[in-house]
Amino acid sequence: MLKVEGLTKHYNHHPVVDDLSFHCDAGEVLGFLGPNGAGKSTTMKMITGFVSPSGGTASICDHDIVTEGLAAKKRLGYLPEGAPCYAEMTTASFLSFIAEIRGLNSVKDSLRLDELIERLHLGPVLNQTVETLSKGFKRRVGLAQAILHDPDVLILDEPTDGLDPNQKHEVRELIRSMSAEKLIVISTHILEEVEAVCSRAIIIAQGKILADDSTEKLAQKSPYHNAVLINVVAGENLEQVQAALRKLDSVAKTEIDLEKSTITVFSNIESNDNMDAWRDITDLANTGAISIEGLELKSGRLEDYFRQITQGTLA
Ligand SMILES: Nc1ncnc2c1ncn2[C@@H]1O[C@H](COP(=O)(O)OP(=O)(O)O)[C@@H](O)[C@H]1O
Ligand SMILES: [Mg+2]
């Protein structure tokens, strides 16, 4: 549904998007992640035909975005960054205008528009001009125009930016409810959002792809995946416990959290699980050498991996 091949954009002779290639299909919610300035918005502007590429191509449902722009855009819904709606129009006239240029004029279409207005709680601001709306309302008007024609491919640039926690939750629910038949690409730097709605994530920095995998696999690449978290009995000397742990062959590294009275143990054995370290720690506890309250095998979080690979690349 979306094919991106060697997509590149130069500004001032400098590549801000550098030879990106990826494919994705219906049913996927792709998180497009990266630090500020990584090139997420520029990539989305090229994919949606708003900015022309310096090199490479993108196609939507097999329509090249440059040479078959109109056909591609028919299949596409796009929520740009910020809130670039027509500011002087009212919400109602803006949405009717979008419906008209999208060729939506049946009774069914107008029912769909009503349903969308209700779902996004736009009722109270229908007669208010877009420029006078709060950021959260502007964002939701933008979202309404992007999904009005029920597009196959939906490109959403930071869809929950500026929304309060309840609105964020609702928009995530909306994205999830639409995801089965569509391809949805969302850019964000809110990693919990990615874990909540995305099936796959592409992490970019300085215009290049650093990682592209299922969100589950990426979380497993976190240094904390399969690390053992030890809750040490309160009042124990953490440094002494740490020294005892360090003597274990299976333990490579330890991390102390004095406030929480925990020690995280990283195994030096490259295996799928950390059972060697786990067993050695329980053995040690059973001999009475260390006093612990509990152990937990960590699953690892996308955020840890994101920080690991994007550190030093911040703009
Ligand atoms: N029109 C432009 N002219 C010059 N530089 C630009 C332009 N648009 C974006 N950039 C630069 O390209 C880089 C990527 O920007 P952007 O795609 O907005 O990143 P992101 O959305 O990941 O934060 C930034 O360094 C930004 O300053
Ligand atoms: Mg951006």
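Residues numbered from 1 in each chain as written. Chains lettered and ligands numbered in written order. Predicted model: local features only at pLDDT ≥ 70, side-chain atom pairs only at ≥ 80, totals over all residues. Heavy atoms only, no water.

Digging into the overall build of the chain
Each helix and strand counted, the chain has 11 helices and 14 strands in total. Projected onto the principal axes, the alpha-carbon positions of the chain cover approximately 75 × 45 × 35 Å. When burial is assessed residue by residue, the chain has 46% of its 315 residues classed as buried. By sequence separation, contacts in the chain at least 24 residues apart represent 67% of the contacts at least 6 residues apart. (Helix = DSSP H or I, 4+ residues; strand = E, 2+ residues; numbered from the N terminus. Buried < 20%, exposed > 50% of the residue type's maximum accessible area, 1.4 Å probe, protein only. Contact = heavy atoms within 4.5 Å.)

Points about the sheet that holds strand β9 (residues 200-205)
Strand pairs in the sheet, formed through backbone hydrogen bonds, run parallel or antiparallel to each other. The sheet built from six strands is open, its strands ordered β6-β7-β8-β3-β9-β10 with mixed pairing. If you trace the sheet from one side to the other, it starts and ends with β6 (76-79) and β10 (208-214), each paired once. Going across the sheet, the axis of each strand differs from the next one's by a mean of 15°, ignoring polarity. With five bridges connecting them, strand β3 (residues 29-33) and strand β8 (residues 183-188) associate as parallel partners. (Pairing = 2+ DSSP bridges. Axes fitted to C-alpha atoms, helices over the stretch in contact; angles between N-to-C directions.)

A short note on the site of ligand 1
Every residue close to ligand 1 is listed here: Tyr11, Val16, Pro35, Asn36, Gly37, Ala38, Gly39, Lys40, Ser41 and Thr42. Residue Gly37 places a main-chain N or O atom 2.7 Å away from an oxygen atom belonging to ligand 1. Contact between ligand 1 and Gly39: an oxygen atom at 2.9 Å from a main-chain N or O atom of the residue. Here ligand 1, which alone exposes 560 Å², has 61% of that area covered by the protein. Among the elements that take part in the shell around ligand 1, helix α1 (residues 40-47) stands out by supplying three residues, more than any other. Each residue belonging to the shell around ligand 1 can be placed in one class, and the counts come to four nonpolar, five polar and one charged. (Near = heavy atom within 4 Å. Polar contact = N/O pair within 3.5 Å; in protein donor to acceptor, adjacent residues only side chain to side chain. Areas by Shrake-Rupley, 256 points an atom, 1.4 Å probe, with all protein chains shown as cover. Nonpolar A, V, L, I, M, F, W, Y, C, P; charged D, E, K, R; others polar.)

Focus: the side chain of Ser179
On the secondary structure map, Ser179 appears in the loop between α6 (165-178) and β8. One polar contact links the side chain of Ser179 to the main-chain carbonyl oxygen of Arg176, over a distance of 2.8 Å. The contact partners of Ser179, leaving out residues within four places of it in the chain, are Gly27, Glu28, Val29 and Ile184.

Notes on the sheet that holds strand β5 (residues 63-64)
Taken in spatial order, the four strands line up as β2-β1-β4-β5 in an open sheet, and their pairing is antiparallel. Edge positions in the sheet fall to β2 (14-24) and β5, since each has one partner strand and no second. Here α1 sits on the sheet and contacts β1 (2-11), β2 and β4 (55-60); the angle it forms with β1, its principal contact strand, is near 120°.

Points about the pattern of salt bridges
Tallied over the full model, the rule gives 15 salt bridges. Between Arg172 and Glu193 there is a salt bridge whose closest N-O contact spans 2.9 Å. Note that Arg172 is positioned in helix α6 and Glu193 in helix α7 (residues 191-197), a separation of 21 residues in sequence. Each of the two residues, Arg172 as well as Glu193, counts as buried. (Salt bridge = Lys/Arg side-chain N within 4 Å of Asp/Glu carboxyl O.)

Examining the environment of Ala243
Take Ala243: it is sitting in helix α9 (residues 238-246). Sequence separation of Ala243 and Val141 is 102 residues, and the distance between their C-alpha atoms is 58 Å.

By themselves, these figures tell us nothing about what the structure is for.
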